[in-house]
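Here's the letter readout for the chains.
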Amino acid sequence: MHRVAFDRWFAKGLLLLALSLFSGLLGAQPVPLSALQGQDVYSVFPSQPMRYSANANLDNPASYSPSPPAAPGYFGGAYKIEFTAINDLASDTIVLEPGGSIVERVLLQFGQKPLSGAPAPVLLRQGELFPNAYPFSYGFYLHWPQGEVRHVSIIVQSDYIYAPMRLWVNSQARFESLSRQELAVQWLCLGAGIALSIYNLIIYFASRRPMHLYYALFAISWVFGWAQVLQVPKELLGWQWPGLHWVGFLLLPLTSALFFSDFLSLKHYLPKLYKLAIYNGTVSALLIPVAIKVPGAGVLFASVFTGLMMVLAITAGVIRLRAGYKPACYFLLAYLMLLLPNLMSNLVNLGLLPPPAFNLYLFGLMGTALDALLLAFAMAYTLQLINQENIRLKNNLGEVVSARTEALELAQHELQKSNAQLRAMAYTDPLTGLMNRRYFEERLAQETERSSRYKDNFCLLLIDLDYFKKINDQFGHKVGDECLVKVAGLLRGHVRTLDVVSRLGGEEFCVLMPGADRQNAIQLAERIRITLANTHFPGCDGLSLTCSIGISSSASFAKDTDLIDKADKALYQAKAHGRNKVIFA
C-alpha cells in the first residue's frame, strides 16, 4: 500500500514538472485543471516580482510593471503569476484560493488569452482591503465552462507578507467541503481557548491561585493572536487592523512564562531559568509598539521569542520531571504539541523551510489548542495530587489529633503538677511543713474581706516560744530545729480542719481561726499552751518548752493590720506578765 501511494505521488510530481516545462517552452499550451487540483500553483508556475509607484492606484493591475528579481519579504512587495489552463473537471464553477499569509490585496484577471478582438478579462479583488467572497478565505469563484481554455493572471500586493503565498485550485464543491471542515476545527479550537480562559478566571476569583490567572492570560493571548491571523475581526466586526496581527503572539512569551514558572515553581527551584523566561517574555511584550507600527517586524519578533519561550519551557519541564515532579510529564507533552507546529511555522516564516501543502495556520492553531487542553489536564492532575495528599492527611488526622491530645494532656498534667509544687514551695515553710508568712498574709486578707461582707467573725492567735534562744545556744540549732518541727506537729494536732497554722519566722507561729469567737480562741490557746508545757523534747535534758499567746478578734478590729498589731501587743503583755500565758486583746 505504501509503495502504491509513493508511486502515485511520484507520478503526479513528474506530471507537474512536465507541465511546467511544457508550458514554459510553448507558452500557450493550456494545463489541465485536474493536474492542478489540490496543488500549490505557485510551485508550478514561476512568479514575476512587480514594482509600483507610491501614489499609484494599486487596485488597478495596470499600475504594476515588472521589476528586477527580488522576492517580496516580511515588509511587503508585489509579484505576479500567469498561466493558461483548460477546465477538464466535472464542474463549471472553479475556486482559486490564495493562502499562506494575510495580504492587503490579491488582483485576479480571468479571461481568454489576450488577443486582438478578445473580450476584456474579468477583474476580481480579494485581500484584507476587500470583502471575502467566502468567509475566512481569499477564494475567487470563477465561472469556467467545461472544456474551455482561460488565461489567469494574479498579482499579490501587500505592505506585509508574513509567509510564502500558495494558490490552490479546486472545484466549488471540494473547496466548500474543505473550508467547512477547516472552519469547524478553527471555531472548535478558538472556542476551547475562550472557554478555558473563562473557566480558569472563575477558579482564580474563587481560589486566588495565581496559576489559574496566568493560564487564563496565556489562553487569551493565543486566542487573540490566532483570531487576528484567521481574520475573525474582519468577518465578525467588519474591520481588520494590521497593527494587531502579532500583539497576541508577542504577549504569549510573557503570559506563558508566568504560567509555567508558577506551575513548575521555577522561582524556588530554578531561579536562573525563571529570570531568563521572564526576561524573554518582557522583551517580547516591550516590542509590541514596533510590531504595531511595522507588522512585518512582528512576525520576526514573534518567531524568535516564542521559539525561545518553548525551549525554556521544555528545559524547565525536563529538569522538574527528573527531580520527581509528576505533573511535569503532562506539561512536557503539552509543550511538545505547541512546539511541533509552531516550530514548523517559525521555520517557514524565517525562510528556513519550504511551505507545506496544508493550511499551516490551522495546523499551528490546533497545536496551540492541544497545548492548552493538556496544560489544563496538567493543572487538574496537580490538584488531584493535592487532594490525595489532603485525604491522606485527613485519614491520619484522627491519629494525629489523638496523639497530640494525649501529649497535651500529659503536658498539662505535668504543668499542673509543677505549678502545685511551685505553689507549695512558695507557701510552705521548708523546715516545719506549715504555711509560711506569705500564705498567712494572703489568707488573712481574704478572711478580713469575707468577714466584712458576711459579718462572720474570726480570731487570730500569735504564738511565741519562751526562751527558745537558750535552746539553740545550749543544745545547738539542730536540736532547736527538731523542737520547732515537734511544735509544728503539736499545733496541727490541736487545730480544727478549717484553721490555718503558719510559721511566721524563727520561733513565732500563728493560727487563723475562721468563724471562731473569743471563747473558741481562748480555749484552743489554753490547750496548746498546756499541752506544749507538758511535752517532752528529746535532746533538751528534760528541759520543757512553754509559749506565750496573744489573741485578737475581727469583732473588735476591722482591718487585718489592726488584728496583727493587737494580737502582737497581747503577746508582749503575756511575755511581760511572766510568759506561759494567754492574753486576749
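Computed from a predicted structure; not experimentally measured.

> An account of unusual backbone geometry is requested, with residue identities and associated values reported.
Phi is positive for Ser265, close to 55°, though the residue is something other than glycine. As for its placement among the helices and strands, Ser265 is situated in the loop between helix H6 (247-263) and helix H7 (266-269). At Lys455, a position not held by glycine, the phi torsion is positive, near 60°. Its place among the elements puts Lys455 in the loop between helix H14 (437-454) and strand S11 (458-465). Judged by relative accessible area, Lys455 falls into the exposed class, the value being 70%.

> Give a description of the side chain of Lys234 that names residues and reports values.
Assignment of secondary structure puts Lys234 in helix H5 (residues 232-237). The charged side chain of Lys234 is buried without a salt bridge, its nearest counter-charge being Glu128 at 4.1 Å. In this view, Lys234 contacts Gly127, Glu128, Phe130, Asn132, Tyr138, Trp239 and Gln240; residues no more than four positions away in its chain are not counted.

> So what's going on with a nonpolar patch on the surface? Residues and values would help.
Residues Trp187, Leu236, Leu237, Trp239 and Trp241 make up a contiguous nonpolar surface patch of roughly 560 Å² in combined accessible area. Structurally, the position occupied by Trp187 is in helix H3 (residues 172-207). Here Trp187 falls in the partly exposed class, since its relative accessible area comes to 35%.

> Summarise the packing of aromatic side chains; cite the residues concerned and give the values.
Evaluation of the coordinates by the stated rule reveals 21 aromatic pairs. Measuring from ring centre to ring centre gives 5.2 Å for Tyr134 and Phe175, while their planes differ by 70°; the resulting arrangement is edge-to-face. Here Tyr134 is found in the loop between strand S7 (122-126) and strand S8 (140-143), whereas its partner Phe175 is found in helix H3, with 41 residues between them in sequence. The same class applies to Tyr134 as to Phe175, namely buried. Look at Phe331 and Tyr335: their rings are 4.7 Å apart centre to centre, the planes differ by 40°, and that puts the pair in the tilted class. With Phe331 and Tyr335 both in helix H11 (residues 328-349), this residue pair falls four residues apart, about one helical turn. Each member of the pair, Phe331 together with Tyr335, is buried. Residue placement shows Lys470 over the ring face of Tyr467; its charged tip is 4.7 Å from the ring centre.

What counts, and at which threshold
Residues numbered from 1 in each chain as written. Predicted model: local features only at pLDDT ≥ 70, side-chain atom pairs only at ≥ 80, totals over all residues. Heavy atoms only, no water. Helix = DSSP H or I, 4+ residues; strand = E, 2+ residues; numbered from the N terminus. Buried < 20%, exposed > 50% of the residue type's maximum accessible area, 1.4 Å probe, protein only. Lys, Arg positive; Asp, Glu negative; His and termini not counted. Salt bridge = Lys/Arg side-chain N within 4 Å of Asp/Glu carboxyl O. Contact = heavy atoms within 4.5 Å. Patch = residues over 30% accessible without salt bridge, like charges linked within 9 Å, V, L, I, M, F, W, Y side chains within 5 Å. Areas by Shrake-Rupley, 256 points an atom, 1.4 Å probe, with all protein chains shown as cover. Phe/Tyr/Trp six-rings, centres within 6.5 Å; stacked < 30°, edge-to-face > 60°. Lys NZ or Arg CZ within 6 Å of the ring centre and 35° of its normal.

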